[in-house]
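Fold and geometry: a report
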Amino acid sequence: MPPELINYLLIALMIVVSTTQSILTRFYSTSYPGRAELSAPVFTIVSGFTLAFVTFCLGLFRFEATAPTFYLGIANALVLVLYNTSMLRASATGPYSITIVFMIAGGIIIPSAVSFCFGDTEGYWVKIIAIVAVLVSVYLISRKAGESYTDKKKFFLSCIGLALGNGIYGSILDVHQRLTTPADMVSSPEREEILILTYAGAALISALILLAREKKEFLGAMKQSKTSLVFLLTASVIITAAVNLVVYTLGMVDTTILFTFDNSCVFLLSVLFSCLVFKEKLTRTNVIGCISLCASLIVMSLSPVIASFFENLFA
């Protein structure tokens, strides 16, 4: 099987797993028995420790982090907490359509810029056009009538934090991959260590924050119904598979293409799932956004070929 086909199959598998995790997380949030604003930190705590434990087992109980892995892992734990906190605040203070655009923009643009700095410049101008088209499409898909702000200043500050959190998170994983992968390997031998530090660290920080804010309600916040517990544990296992797939695939696929497809396709499939299961209706604008997003992703996947064609045409 050609390596390019294997890479795209890995991306497809990663998207399916990540979409499943996104859907399960939504089911968990709606079934969580406590106050709605506590569901996110509780999810971070449980899923973070679950991911760290399962990854530790998958690594055959080995933990040998070098200095770069340790520092990048701790930094990424803080970034993950920033992302989760910003998402919660942005969702509570402003339109979903703008929130999701900031999240996806950060998740694509920042890792792409870092990749460019490392010399990954093939077809860059086509990728820039495709990224802009993707972000416009995401806005069109998520746009709903009657959206409003409750606190505009807090909302945009939260959106900036969300974009930075999503983008820096992916960038740190990419930089770690580049710094710690030997020339004769396609993936870092310390990929388990970076994930354990990132997610166990984020879970610990979230637990300390929740404990400080909800001293008397901490144990109550962690309490689950049977339904929410099933969704919580299942989503935690699925996110473990999704994140491990991302880190493994990083060494084999163009970073810009990987994060563009990961962020965009998970969002698109989640929207389509909501239409089928939750009977959410798409407006004409939303449908146009779906079509243009698919077209943008095709352009992104063919960016090296398109760039080469025009370079040869004007040579």
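To be clear, the structure that these remarks concern was listed above.
Residues numbered from 1 in each chain as written. Predicted model: local features only at pLDDT ≥ 70, side-chain atom pairs only at ≥ 80, totals over all residues. Heavy atoms only, no water.

So, on to the overall build of the protein chain. Secondary structure assignment for the protein chain yields 12 helices and 0 strands. The helix and strand sequence of the protein chain, counted from the amino end, reads α-α-α-α-α-α-α-α-α-α-α-α. For a compact globule of 315 residues, the expected C-alpha radius of gyration is about 20 Å, and the protein chain comes in at 20 Å, within 12% of that figure. In the protein chain, which comprises 315 residues, the share counted as buried stands at 49%. Just so you have it, the protein chain exposes about 15600 Å², and 71% of that area is on carbon and sulfur atoms. One finds the centroid of the 20 positive side-chain charges in the protein chain at a distance of 16 Å from the centroid of its 18 negative side-chain charges. (Helix = DSSP H or I, 4+ residues; strand = E, 2+ residues; numbered from the N terminus. Rg over C-alpha atoms; globule rule 2.2 N^0.38 Å. Buried < 20%, exposed > 50% of the residue type's maximum accessible area, 1.4 Å probe, protein only. Areas by Shrake-Rupley, 256 points an atom, 1.4 Å probe, with all protein chains shown as cover. Lys, Arg positive; Asp, Glu negative; His and termini not counted. Charge placed at Lys NZ, Arg CZ, Asp CG, Glu CD.)

Turning our attention to the packing of aromatic side chains. All told, the structure shown has 13 aromatic pairs when counted by the stated rule. Between F70 and Y71, the aromatic rings sit 5.5 Å apart at their centres with planes inclined by 75°, giving edge-to-face as the arrangement. Given the relative accessible area of 58%, Y71 is considered exposed. Measuring from ring centre to ring centre gives 5.7 Å for F116 and Y124, while their planes differ by 65°; the resulting arrangement is edge-to-face. For F116, a relative accessible area of 42% puts it in the partly exposed group. Given a relative accessible area of 41%, Y124 falls into the partly exposed group. Each residue in the set W125, F309, F310 and F314 is aromatic and connected to the rest through ring pairs, giving one cluster. (Phe/Tyr/Trp six-rings, centres within 6.5 Å; stacked < 30°, edge-to-face > 60°.)

Below, the discussion takes up the pattern of salt bridges. If you walk through the whole model with that rule in mind, you get 8 salt bridges. Put simply, R35 and E37 hold a salt bridge, and the shortest N to O gap is 2.7 Å. Judged by relative accessible area, which is 37%, R35 ranks as partly exposed. Here R191 ties to E192 by a salt bridge, and the two come within 4.0 Å at their closest N and O atoms. What emerges from the salt-bridge pattern is a single network uniting R62, R191, E192 and E193. (Salt bridge = Lys/Arg side-chain N within 4 Å of Asp/Glu carboxyl O.)

At a minimum axis separation of 8 Å, helix 5 (residues 124-142) and helix 12 (residues 303-313) run at an interaxial angle of 125°. With respect to helix 12, the axis of helix 5 lies oblique. Crossing of helix 5 against helix 12: the hand is right-handed. The residues of helix 12 that touch helix 5, namely those facing W125, V126 and K127, are S303, I306, A307, F310 and E311. (Axes fitted to C-alpha atoms, helices over the stretch in contact; angles between N-to-C directions. Parallel < 35°, antiparallel > 145°, perpendicular 65-115°, else oblique. Left-handed = near helix turned anticlockwise from the far one by under 90°. Contact = heavy atoms within 4.5 Å.)

In this section: the side chain of N286. Inspection of the secondary structure assignment puts N286 in helix 11 (residues 284-301). Of the polar contacts made by the side chain of N286, one reaches the backbone oxygen of R143; its length is 3.1 Å. The residues touching N286, leaving out its near neighbours within four places in the chain, are L140, I141, S142, R143, K144 and K281. (Polar contact = N/O pair within 3.5 Å; in protein donor to acceptor, adjacent residues only side chain to side chain.)

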